[in-house]
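Survey of secondary and tertiary structure
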Amino acid sequence: MIPENLDYDALKKRGFLKQKQEGLFLLRARMPHGNYDKKAMNELAKISEEFGNGFLHLTARQGVEIPFIKFEDIEKTEARVKSAGIETGTSGARLRTTTTCPGNNWCKSGLINTFALYDRIENELHIKCAMDLPHKFKIAISGCPNSCTRAQQSEIGIHGAVDIQGGEKRVGYAVYLGGCGGKTPCIGFKLNRVFTEDEVLKIIDAVVKFFKNNAKPKQRLALLIEQISRENFLKEVGLSKISVVQ
Ligand code: SF4
């Protein structure tokens, strides 16, 4: 029996979303870098057999959903997922899981180590999935300009890039800001420079903090930038000296 005053948003933060079917919930599970080893996949399959209806759904953000969980099984399901070392995703006004392609870990086009950047965002900046924010916010990392994780359609999008200065080639990071998908999609604008990994971390930190402190509820970064102007936004996040690729 579902209590009348059930806090659905608190459940969403823990990764349990109300399903279309009355009384049922789906769990969003996730693993760093979108990498699920055999043990994690087996465990998710067993959890689905025990508490769901036996199948797993792969999400667009590299998560695994287990649908058809009864309300009374939420605590047990969560305990099983956590004891298996699997993390939970989220929904609502929060940071989504950061998506990464394999980058130079095994893709032959990969220029940067996408997994290492993901780890630094979570462990050094503490910018992690389920962080409360005024509205949904996405970060995507791609290993090269092919941009398989769609860096241009995320609030912060990064891809590996080659910078040529004085005839010397240097691998670095291209950055897009203010993109989003949804009903009113926006392509993020590209900063006209190739950055180092440390510079990218500073940009991510500044942009997430600025969004957290200044966006109105349900205002995505693209709309906040439109409201205050791109010029003012760049000034506020310490990028006033960087031009933008139109
Ligand atoms: S974005 Fe580049 S590195 Fe990443 S999977 Fe696509 S081709 Fe490979």
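Conventions we followed
Residues numbered from 1 in each chain as written. Predicted model: local features only at pLDDT ≥ 70, side-chain atom pairs only at ≥ 80, totals over all residues. Buried ≥ 20, exposed ≤ 12 C-beta atoms within 10 Å, placed from the backbone. Helix = DSSP H or I, 4+ residues; strand = E, 2+ residues; numbered from the N terminus. Pairing = 2+ DSSP bridges. Domains from an automatic or database assignment. Contact = placed C-beta atoms within 7 Å. Nonpolar A, V, L, I, M, F, W, Y, C, P; charged D, E, K, R; others polar. Near = placed C-beta within 6 Å. Axes fitted to C-alpha atoms, helices over the stretch in contact; angles between N-to-C directions. Arc of directions from axis to C-beta.

1. Topic: the pairing of strand 7 (residues 139–142)
With burial as the criterion, each face of strand 7 is covered, one bearing Ile-139 and Ile-141 and the other bearing Ala-140 and Ser-142. Examined bridge by bridge, strand 6 (residues 99–100) and strand 7 share two bridges and lie parallel to one another. Bridge pairing in strand 7 links Thr-99 to Ala-140. As judged from the four bridges shared by strand 7 and strand 8 (residues 156–165), these two strands associate in the parallel manner. By the bridge assignment for strand 8, Ala-140 is matched with Gly-157.

2. Brief notes about the domain arrangement of the protein
The domain architecture assigned to the protein consists of domain 1 (8–88) and domain 2 (99–245). For domain 1 versus domain 2, the separation of C-alpha centres amounts to 28 Å. Taken together, the contact pairs seven residues of domain 1 with six residues of domain 2. By residue class, the composition of the side of domain 1 that touches domain 2 is one nonpolar, three polar and three charged.

3. Let's talk about the site of the ligand
Close to the ligand lie Cys-101, Pro-102, Gly-103, Cys-107, Ser-109, Gly-110, Ser-142, Gly-143, Cys-144, Asn-146, Ser-147 and Cys-148. For the shell around the ligand, the class distribution of residues is five nonpolar, seven polar and no charged.

4. Observations regarding the sheet that holds strand 9 (residues 168–177)
Taking strand neighbours across the sheet as the criterion, the six strands line up as 6-7-8-9-10-11 in an open arrangement whose pairing is mixed. The two strands at the open ends of the sheet, each matched to only one other strand, are strand 6 and strand 11 (244–245). Sheet topology places strand 8 next to strand 9; 10 bridges connect them, and they run antiparallel. Its bridge partner being in strand 9, Ile-158 is matched across the sheet by Val-175. In the packing of helix 4 (residues 114–123) onto the sheet, the strands contacted are strand 6 and strand 7, and the crossing angle to strand 7 comes to about 155 degrees. Each of strand 7, strand 8 and strand 9 is contacted by helix 5 (residues 197–214), which is oriented at about 10 degrees to strand 9, the strand it contacts most.

5. Remarks on helix 6 (residues 221–228)
For helix 6, the set of buried residues is Leu-221, Ala-222 and Ile-225. Looking down the long axis of helix 6, one finds its buried residues gathered within 105 degrees of arc, a one-sided arrangement. Turning to helix 6, the residues buried within the fold contact helix 5 and helix 7 (230–236). Following helix 6 by one or two positions, Ser-229 adopts a phi angle in the positive range, close to 85 degrees.

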